[in-house]
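# Fold and contact review
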Amino acid sequence: MKKKPIFILLYGWIFILCLILTNGLINLFLPTSNMHQNLGDVSAKLAYFTKHKDNYDIIFLGPSTTYYGVIPKIFDESIAANGNNLKSFNFGIMSANVAEMDFYLQKILALKPAKLKWIFLDCLVNSFVEETPTATKNVYWHTPIKTLENIKLISESTLNLPIKIIALYANSVSFIHNWLGIGNFSDYVNPRITATPGGILSDRVIQESGYYAMDWMNDIEQLDRIFQEKYLQIYQQELKQAKSESADSQNISKYPLDSYAIKIIKKMIDRINNQEKITHNKIEPIFLIPPALNADVEHTPIMRAFNLGYVSTLFAFNNPNKFPSLFELANRSDQRHLNYQGSEKFTKILAAEFSNHLKLSEQR
């Protein structure tokens, strides 16, 4: 008789574990929705691109440095001035690292865009800490595979141990919500989110072909004040040091030689290359290092992937001696991001580099 409470407790735990496992498997194989409407600007971009996917030749996929940095309208105008009539779309996603980018790359390729010929990839590898891990945007891409990839990325990163623990916890929370399907009904409760917490209006994003300037954010004055008070001096010191360093010394990093980020980068390249077998449409991956100092954005895995021969085309703008105007305070919102004026300059430089790349490709 004394053993009954123990057996009841044991059976109770078994029931709960089976319920969690069953619920997770149902959510994994029978998702309630292929496209959430509650992902803020990401939903707006996905929905618009899905509808107009066959209109675009070029996609820019990356984190906030792409989101705030590349202006498709100016890029297209600059390309047209060089004799190429192409149309581009900015698929920048706030704080997206390579694992999240690969998640959305699969969705983009699954749409089989008829005219898509180039995908620019701005690969952020060391962004992990989510302030709102239960938000639908963060939960959505935390599938079992992507969560495991992100855990590996966190483990190999150069972040200190307390930040790694916070990042692992946040990713675990996002995964649990994804596995249990928590939040799937939010689309029915609040079917359309027109603005993200940062104040980015989805309609404005679509009008700008996916681009949004930091200058347009509702809290830009507060962000500018924080940069001026806390980070300006640090940025100026980093900039001075970067200008005095040689190219070789700038590439020194504590990142492991066999970085898991390189494996994800190679996986993304393979996905793009294999798309030709599915759609008979060849797409070229072009990798992009944004105009941000090495001290603020970790680019080592991309450089190593390039040196290993995985990345065939790389446009790098992280050298302040080569692109001094992009690092001037008048063209920046903060250490990582350009303001609208800076984005105009960067987009025109990027378009010139790409136009030259097209000319060289035609000569081969």
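Residues numbered from 1 in each chain as written. Predicted model: local features only at pLDDT ≥ 70, side-chain atom pairs only at ≥ 80, totals over all residues. Heavy atoms only, no water.

The name that an unreviewed UniProt entry assigns to the protein chain is DUF1574 domain-containing protein, with the source organism given as Nostoc paludosum FACHB-159.

So, about the overall build of the protein chain. Scanning the protein chain for helices and strands turns up 15 helices and five strands. Buried positions account for 50% of the 364 residues belonging to the protein chain. Considering only residue pairs separated by 6 or more positions, the protein chain has 80% of its internal contacts joining residues 24 or more positions apart. About 18,300 Å² of surface is accessible on the protein chain, with carbon and sulfur atoms providing 58% of the total. (Helix = DSSP H or I, 4+ residues; strand = E, 2+ residues; numbered from the N terminus. Buried < 20%, exposed > 50% of the residue type's maximum accessible area, 1.4 Å probe, protein only. Contact = heavy atoms within 4.5 Å. Areas by Shrake-Rupley, 256 points an atom, 1.4 Å probe, with all protein chains shown as cover.)

Side-chain alternation along strand β3 (residues 118-121) places W118 and F120 on one buried face and I119 and L121 on a second face that is also buried. Note: strand β1 (residues 58-61) against β3, four bridges, orientation parallel. Looking at β3, one finds that I59 is bridged to I119. (Pairing = 2+ DSSP bridges.)

Let us now look at unusual backbone geometry. Within the chain, S95 stands out as a residue other than glycine whose phi angle is a positive 65°. Topologically, S95 is positioned in the loop between β2 (88-90) and α5 (98-110). Non-glycine residue K112 carries a positive phi angle of around 55°. You can see K112 is positioned in the loop between α5 and β3. Since its relative accessible area comes to 45%, K112 is described here as partly exposed.

This part takes up a nonpolar patch on the surface. A cluster of nonpolar side chains, contributed by V129, I163 and I166, occupies part of the molecular surface with about 230 Å² of accessible area. By the element assignment, V129 lies in the loop between β3 and α6 (136-140). (Patch = residues over 30% accessible without salt bridge, like charges linked within 9 Å, V, L, I, M, F, W, Y side chains within 5 Å. Salt bridge = Lys/Arg side-chain N within 4 Å of Asp/Glu carboxyl O.)

A few words on the pattern of salt bridges. Applying the stated criterion across every chain, the model contains nine salt bridges. The residue K137 makes a salt bridge to E100 at a minimum N-O spacing of 3.4 Å. Of this pair, K137 sits in helix α6 while E100 is found in helix α5, placing the two residues 37 residues apart along the sequence. Exposure class is identical for K137 and E100. Each is buried.

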